[in-house]
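# Secondary and tertiary structure notes
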Amino acid sequence: DTYTDFPRINPKYRSRKHCFYWAIEWFSDSRSYASMAVVKYDVCTGDRKRVWTRKDWYPSEVTMVPSDREGAAEDEGVLLFVALDGPSDATSLVGLDASTMETVSEVGPFPRIAFTTHGEFYPGM
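First, a word on what this report is: a plain description of the structure on this page. Since the model is a prediction, treat every value here as computed from it, not as a measurement.

### A short note on the sheet that holds strand β1 (residues 3-8)
Overall, antiparallel pairing links the 4 strands, which are arranged β1-β2-β3-β4 in an open sheet. The open sheet terminates on both sides in strands that have one partner only, identified here as β1 and β4 (50-52). The sheet shows a mean angle of 30 degrees between the axes of neighbouring strands, direction not considered. Relative to strand β3 (residues 36-42), strand β2 (residues 20-26) is paired through 7 bridges, and the arrangement is antiparallel. The residue of β3 that forms the bridge with Phe20 is Asp42.

Below, the structure is given as structure tokens:
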């Protein structure tokens, strides 16, 4: 069994019908609590979840930064989070395409940051 925590939706869809949410998944390999992933669920169609994971990496809560394009899809944007690389004890800032869950940007390494860190994005700051 897997478990999710820290769910997030596109902030433009707060208090509105939405189909997608992103979360942290524990036991992503169904064996180890230390096996973590960032997951995307489509609750409208029930489509198979999409996953970002790396062995021995520990992602923090994601922040969904929506596209500012007029008419953008609900899942159009970037997911930002820090992830701790366990073996190297270093952290990277990771950006994923929120639709495909593919890495679009990664910077680091930085000194270790706790992987359950909460975060928020404020446009224009």
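### Side note on the packing of aromatic side chains
Under the criterion given, the structure shown has 3 aromatic pairs. A ring pair is formed by Tyr21 and Tyr41, whose centres lie 5.2 Å apart and whose planes are at 20 degrees; its orientation type is stacked. With Tyr21 in strand β2 and Tyr41 in strand β3, this residue pair connects regions lying 20 residues apart in the sequence. Taking the relative accessible area as the measure of exposure, Tyr41 reaches 21% and is therefore partly exposed. Taken together, a centroid distance of 5.1 Å and an interplanar angle of 70 degrees make the contact between Trp52 and Phe81 edge-to-face. A residue pair is termed long-range when its members are at least 10 positions apart, and Trp52 in strand β4 and Phe81 in strand β7 (residues 77-85) qualify at 29 residues. We classify Phe81 as buried; its relative accessible area is 2%. Sitting over the ring of Tyr13, Arg16 keeps its end group 4.4 Å from the ring centre. Stacked on the ring of Phe20, the Lys or Arg Lys40 has its end atom at 4.6 Å from the ring centre.

### A few points about the pairing of strand β6 (residues 63-66)
Residues of β6 alternate between two faces, with Thr63 and Val65 on one and Met64 and Pro66 on the opposite face, all of them buried. Both β6 and β7 contribute to a ladder of 4 bridges, which runs antiparallel. Residue pairing in the sheet places Thr63 in a bridge with Leu80 of β7.

Cut-off values and rules
Residues numbered from 1 in each chain as written. Predicted model: local features only at pLDDT ≥ 70, side-chain atom pairs only at ≥ 80, totals over all residues. Heavy atoms only, no water. Pairing = 2+ DSSP bridges. Helix = DSSP H or I, 4+ residues; strand = E, 2+ residues; numbered from the N terminus. Axes fitted to C-alpha atoms, helices over the stretch in contact; angles between N-to-C directions. Phe/Tyr/Trp six-rings, centres within 6.5 Å; stacked < 30°, edge-to-face > 60°. Buried < 20%, exposed > 50% of the residue type's maximum accessible area, 1.4 Å probe, protein only. Lys NZ or Arg CZ within 6 Å of the ring centre and 35° of its normal.

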